[in-house]
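What follows is each chain in one-letter form.
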Amino acid sequence: MASGKKQITQLAQKLFKLSFVDGRFSEERVAGVLAYVEKNPHAKPVAVLRAYSRLVAVEVAKGQAVVEHAGPVNDSAIQAITVAMTSRYQRPITAIAKPNASLLAGLRIRVGDDVYESSASGQLAALAASV
Amino acid sequence: MISLPVLAEVTGQVAEATAAHAASVNPITEITHTFGVNPAAIIGQIVNFVIVAFVLWKFAFKPVLATLDERQKKISDGLRYAEETKARLDSAQQEISDTLKKAQIEAAAIIEQARKASKEVAERETAAATERANSLITTAQQAIELEKQKMLAEARTEIARLVVATTQRVLAKELNDADRSRYNEAAARELTSA
């Protein structure tokens, strides 16, 4: 069972490596990989595709900065965030706005596993934790 | 009563008559004849006396003397035994007295030792009880202090939670889009400059 999971993970990682062109994630290669999997089905294709999807999602998340916000955010702010994150991570990062009323006011930016936050709810939570 | 001069006169006459007769016959023969002494009878009496004396010695005196000696010996033995018994009794009494004195001294020492040990045990028990009581008091004080700190922490947390919840509700109601926009711009500047 464990060896089966290991094989699925290894296959998903191989497929994931094939999804890059010159070190950049390529949508065309992803389409090619999916076509290959469709033509040459594995014993457990759903599991392989699920593992591959997780890896792709992580990679896509690395190239995206999800900007959660409460209230309106102007485009210049989103653009500034894109530039700043691209500069910080030394790779192209696209900022995507996502409303989140629970923040009350302010922003929370997620890039992969990294989170940057400057929001009223965050400050209140920090205040509650410090008491 | 005859007076002394008369008696002396008679005695003198008799002596004179006797002296006269003796002068005419052998005196020994005359004496034996006069007193009726028979030598054969005397010898027979002597033999009889010796026999009787021997028989008496053999069958009367000797057993009696032996019995007397035996009784004397028994008496002396009894006396010696009594003396020995008395001496032994005295010795035993002395020994008993010494033993009693020794026992009294030992008993007094044992009592003193027991008293001392009892006192030490009591002191030790008292000290242990005091230590246990102090330990219990300390533990109770620590528990009370911990409980107090815990209650204070819980109270602080609860108050903070209530303050935050209230502030969140107030902010959610009171902030308008313009306020949020200004806040978002400031946040964007802060996050991009860091």
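Rules of the game
Residues numbered from 1 in each chain as written. Chains lettered and ligands numbered in written order. Predicted model: local features only at pLDDT ≥ 70, side-chain atom pairs only at ≥ 80, totals over all residues. Helix = DSSP H or I, 4+ residues; strand = E, 2+ residues; numbered from the N terminus. Buried ≥ 20, exposed ≤ 12 C-beta atoms within 10 Å, placed from the backbone. Contact = placed C-beta atoms within 7 Å. Nonpolar A, V, L, I, M, F, W, Y, C, P; charged D, E, K, R; others polar. Pairing = 2+ DSSP bridges. pLDDT = per-residue confidence, 0-100. Core = buried A, V, L, I, M, F, W, Y, C linked by C-beta atoms within 7 Å. Axes fitted to C-alpha atoms, helices over the stretch in contact; angles between N-to-C directions. Parallel < 35°, antiparallel > 145°, perpendicular 65-115°, else oblique. Left-handed = near helix turned anticlockwise from the far one by under 90°.

Student: How would you sum up the overall build of chain A? Please name residues and give values.
Tutor: A count of helices and strands for chain A gives five helices and six strands. Residues counted as buried form 26% of the 131 residues belonging to chain A. For chain A, contacts bridging at least 24 residues in sequence account for 54% of all contacts bridging at least 6.

Student: Hey, could you go over the overall build of chain B for me, with residue numbers and the actual values?
Tutor: Secondary structure assignment for chain B yields four helices and zero strands. In chain B, the succession of helices and strands from N to C terminus is α-α-α-α. Looking at the 194 residues of chain B, the share that counts as buried comes to 4%.

Student: Explain helix 2 (residues 27-35) of chain B to me, and be specific about the residues and the numbers.
Tutor: Within helix 2 of chain B, only zero of the nine residues are buried, leaving the element largely exposed. Of the residues trailing helix 2 of chain B, B:Gly36 is marked for its positive phi of about 70°.

Student: Can you break down the interface of chain A and chain B residue by residue, with the values?
Tutor: Note on interface size: it is often stated as the accessible area lost on association of the parts. Contacts between the two partners involve 23 residues from chain A and, on the opposite side, 21 residues from chain B. Listed by contribution, the elements that provide at least two residues to the side of chain A that touches chain B are strand 3 (64-70), helix 4 (75-89), strand 5 (106-111), strand 6 (114-119) and helix 5 (120-130) of chain A. In terms of residue count, the dominant contributor to the side of chain A that touches chain B is helix 5 of chain A (five residues). Classifying every residue of the side of chain A that touches chain B gives 17 nonpolar, six polar and no charged.

Student: I'd like a rundown of the pairing of strand 6 of chain A, residues and numbers included.
Tutor: Residues and elements named next belong to chain A. Where strand 5 lies against strand 6, six bridges are found, and the strand directions are antiparallel. Among the inter-strand pairings, Gly106 is bridged to a residue of strand 6, identified as Ser119. Count of turn residues in the strand 5/strand 6 antiparallel hairpin: two residues, of which Gly112 carries a positive phi of about 65°.

Student: Explain unusual backbone geometry residue by residue, including any values.
Tutor: All names here are of chain A. Positive phi, close to 60°, is recorded for Gln90, a residue that is not glycine. Positionally, Gln90 belongs in the loop between helix 4 and strand 4 (94-99). Phi angles above zero are rare outside glycine, and Leu104 is one such case at about 70°. Along the chain, the position of Leu104 falls in the loop between strand 4 and strand 5. With 23 C-beta atoms packed within 10 Å, Leu104 lands in the buried category.

Student: A description of the confidence of the model for chain B should follow, citing residues and the corresponding values.
Tutor: All names here are of chain B. Taken over all residues, the pLDDT of chain B has a mean of 87, while the share at 70 or more is 88%. Between the elements of chain B, mean pLDDT differs from a low of 63, seen in helix 1 (residues 4-24), to a high of 92, seen in helix 3 (residues 39-174). At the level of chain-chain contacts, confidence expressed as ipTM amounts to 0.72, with global pTM at 0.50.

Student: Summarise the nonpolar core; cite the residues concerned and give the values.
Tutor: Among the nonpolar cores identified, the biggest contains 22 residues, and A:Ala65, A:Val67, A:Ile81, A:Met85, A:Ile109 and B:Leu191 are the most heavily contacted of them. Breaking this core down by element, the ones donating at least two residues are strand 3, helix 4 and strand 5 of chain A together with helix 4 (177-193) of chain B. The next biggest cluster of nonpolar side chains, apart from the first, holds seven residues, and it includes A:Leu15, A:Phe16, A:Ala51 and A:Tyr52.

Student: An account of the packing of helix 5 of chain A against helix 3 of chain B is needed here, citing residue identities and associated values.
Tutor: Orientation of helix 5 of chain A relative to helix 3 of chain B, taken along the N-to-C sense of each, is 165°, at an axis distance of 9 Å. It follows from the interaxial angle that helix 5 of chain A and helix 3 of chain B lie roughly antiparallel. For the element pair helix 5 of chain A and helix 3 of chain B, the recorded crossing hand is right-handed. Residue-level contacts link A:Ala120, A:Ser121, A:Leu124, A:Leu127 and A:Ala128 of helix 5 of chain A to B:Ala160, B:Arg161, B:Val164, B:Thr167, B:Gln168 and B:Leu171 of helix 3 of chain B. In terms of residue class, the contact of helix 5 of chain A with helix 3 of chain B is built from seven nonpolar, three polar and one charged.

Student: Any chance you could break down the pairing of strand 3 of chain A for me, citing the residues and the numbers?
Tutor: Residues and elements named next belong to chain A. Burial runs high along strand 3: five of the seven residues are buried. Sheet topology note: the strand 3/strand 4 ladder contains six bridges and is parallel. Counted as the bridge partner of His69 is Pro99 from strand 4. Pairing geometry for strand 3 and strand 5, over five bridges, is antiparallel.

Student: Mind laying out the environment of A:Gly112, listing which residues take part and the relevant values?
Tutor: Take A:Gly112: it is sitting in the loop between strand 5 and strand 6. Residues A:Gly112 and A:Val60, spaced 52 residues apart in sequence, show a C-alpha to C-alpha distance of 8.4 Å.

Student: So what's going on with the packing of helix 4 of chain A against helix 4 of chain B? Residues and values would help.
Tutor: Contact pair helix 4 of chain A / helix 4 of chain B: the axes reach a minimum separation of 10 Å and the direction vectors enclose 10°. Considering the angle they form, helix 4 of chain A stands roughly parallel to helix 4 of chain B. Within the contact between the two elements, helix 4 of chain A uses A:Ala77, A:Ala80, A:Ile81 and A:Ala84 and helix 4 of chain B uses B:Asn184, B:Glu185, B:Ala188, B:Leu191 and B:Thr192.

Student: Before we move on, could you go through the sheet that holds strand 5 of chain A and cite the residues and values that matter?
Tutor: Strand pairing in a sheet relies on backbone hydrogen bonds. The paired strands run either parallel or antiparallel. Residue and element names in this part refer to chain A. One open sheet holds the four strands; their spatial order is 4-3-5-6, and the pairing between them is mixed. The open sheet has two edge strands, strand 4 and strand 6, and neither has a second partner. Adjacent strand axes in the sheet meet at a mean angle of 15° when their direction is disregarded.

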